[in-house]
Amino acid sequence: MEKYGTSMKIEKHLMDGEAISIGGIEQEMLLPRARDYLDIERQYHQIMFLYEAGINQLESRINILKREFQFSNDRNPIENIESRIKSKESILLKLKRKGLPMTVSALTNNIRDIAGIRVICPFIEDVYNVARMLIKQKDVELIEAKDYILKPKENGYRSLHLIVTTEVQFSNQTRKIPVEIQIRTIAMNFWASTEHQLRYKKDREFTDEVQKELKECADIMAQADRIMQNIAGEFNINLELW
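Residues numbered from 1 in each chain as written. Predicted model: local features only at pLDDT ≥ 70, side-chain atom pairs only at ≥ 80, totals over all residues. Heavy atoms only, no water.

1. Digging into the overall build of the protein chain
- The secondary structure content of the protein chain amounts to seven helices and six strands.
- The N-to-C order of helical and strand elements in the protein chain reads β-α-α-β-α-α-β-α-β-β-β-α-α.
- Out of the 242 residues in the protein chain, the part that is buried amounts to 48%.
- In the protein chain, the share of contacts with a sequence separation of at least 24, taken over all contacts with a separation of at least 6, comes to 71%. (Helix = DSSP H or I, 4+ residues; strand = E, 2+ residues; numbered from the N terminus. Buried < 20%, exposed > 50% of the residue type's maximum accessible area, 1.4 Å probe, protein only. Contact = heavy atoms within 4.5 Å.)

Structural data, given as structure tokens:
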């Protein structure tokens, strides 16, 4: 069986999990530069409206694909879709952590995961198929990709992360809005969700021993994903959907 995702164009540029970037995004992407420092409440809500528009557009496209497969195929590569906008507090903490000023231009040019969509898939190959499907969409441009399935994070985290821009038509102009898309299997999502809850449980210390046990769980789930993928092949389940 072909190694997972090796046919995917973006993976040709992935080296040890490092990001790939397409230049020029700062010059052409999305928002007007800030006047000066953030008027936190007023400008935050104005900016969030634009990111929400980007999410709405991409999420609508993904839902259309999900419905299409529901009616025209014997299986659906999209199990679930979730979306979120980073909270104001999370954004400000990230700016501080990066040593950036609290300006709108610093926010829009340096934090690309303000708008996020998560797509959950049954099989590993579905992850790459859905990714290819999305970046083939008109007016969707791939900016950056990180493949934590081929090269998991040290703690065992696995997922495919894409930063894309999508063109949104407003009343008098079109803007390119960046959105982070995380695509992962059901098993990967289970591990990531439960690990997050355990890591940030306030009344419990997150020890090295706990981290080791969670890493072992991540490896077990990765093995389960591979086994399920192989079983799908034995049952002649078509994973190439277009």
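2. A few points about the nonpolar core
- In terms of nonpolar packing, the biggest core is built from 44 residues, with Y51, I91, I117, V119, L162, I181 and I183 touching the most fellow members.
- Elements with a contribution of two residues or more to this core: α2 (40–72), α3 (88–97), α4 (104–110), β3 (115–121), α5 (124–135), β4 (140–147), β5 (160–169) and β6 (174–185).
- Residue contributions to this core peak at 11 residues, all from α2.
- Residues contacting I117, with those up to four places away along its chain left out, are I55, L58, E59, I62, I81, E82, S83, V179, E180, I181 and Q182.
- In terms of nonpolar packing, the next biggest core, distinct from the first, is built from eight residues, Y157, A192, V210 and M221 among them. (Core = buried A, V, L, I, M, F, W, Y, C linked by side-chain atoms within 4.5 Å.)

3. Describing the pairing of β4
- Burial of β4 is extensive: six of the eight residues sit out of reach of the surface.
- Relative to β5, β4 is paired through seven bridges, and the arrangement is antiparallel. Bridged to K146 within β5 is H161. (Pairing = 2+ DSSP bridges.)

4. A short note on the pattern of salt bridges
- Using the criterion set out here, one finds 10 salt bridges in the structure.
- Here K94 and D113 are joined by a salt bridge, their closest N and O atoms 2.8 Å apart. With a gap of 19 residues between them, K94 in helix α3 and D113 in the loop between α4 and β3 connect regions that are remote in the sequence.
- Residue class for D113 comes out buried when judged on its relative accessible area of 13%.
- For E144, the salt bridge is made with R112, and the minimal N-O distance between the two is 3.8 Å. In this pair, E144 sits in strand β4 while R112 sits in the loop between α4 and β3, placing the two residues 32 residues apart along the sequence. With respect to class, E144 is no different from R112; both count as buried. (Salt bridge = Lys/Arg side-chain N within 4 Å of Asp/Glu carboxyl O.)

5. Remarks on the environment of Y44
- The residue Y44 is located in helix α2 in this model.
- Each C-alpha atom of the pair Y44 and S87 lies 9.8 Å from the other, and the pair is 43 residues apart in sequence.

6. Looking at helix α7 (residues 208–234)
- Between its first and last C-alpha atoms α7 spans 39 Å; for 27 residues at 1.5 Å apiece the expected length is 39 Å, and the two agree.
- For α7, every residue scored as buried is listed here: V210, Q211, L214, A218, M221, A222, D225, Q229 and A232.
- Buried positions along α7 lie against α5, β6 and α6 (186–199).
- Immediately downstream of α7, the backbone of N236 shows phi near 60°, a positive value. (Expected span 1.5 Å × (residues − 1).)

7. A closer look at a nonpolar patch on the surface
- Side chains of I227, M228, I231 and F235 sit close together on the surface and give an oily, nonpolar patch of about 400 Å² of accessible area.
- With respect to the secondary-structure elements, F235 resides in the segment after α7. (Patch = residues over 30% accessible without salt bridge, like charges linked within 9 Å, V, L, I, M, F, W, Y side chains within 5 Å. Areas by Shrake-Rupley, 256 points an atom, 1.4 Å probe, with all protein chains shown as cover.)

8. Some thoughts on the packing of aromatic side chains
- Going through the model one piece at a time under the given rule, you end up with two aromatic pairs.
- Summarising the aromatic geometry, the rings of F49 and F170 are spaced 5.9 Å apart at their centres and angled 55° between planes, so their arrangement reads as tilted. With a gap of 121 residues between them, F49 in helix α2 and F170 in the loop between β5 and β6 connect regions that are remote in the sequence.
- Residues Y148 and Y157 carry aromatic rings whose centres are separated by 6.0 Å and whose planes lie at 65° to one another, so their mutual orientation is edge-to-face. Across this residue pair, the class does not change: Y148 and Y157 are buried.
- One residue, K153, lies across the ring of Y148, its end atom 5.0 Å from the ring centre.
- Cation over ring: K153 sits above Y157, and NZ or CZ is 5.1 Å from the ring centre. (Phe/Tyr/Trp six-rings, centres within 6.5 Å; stacked < 30°, edge-to-face > 60°. Lys NZ or Arg CZ within 6 Å of the ring centre and 35° of its normal.)

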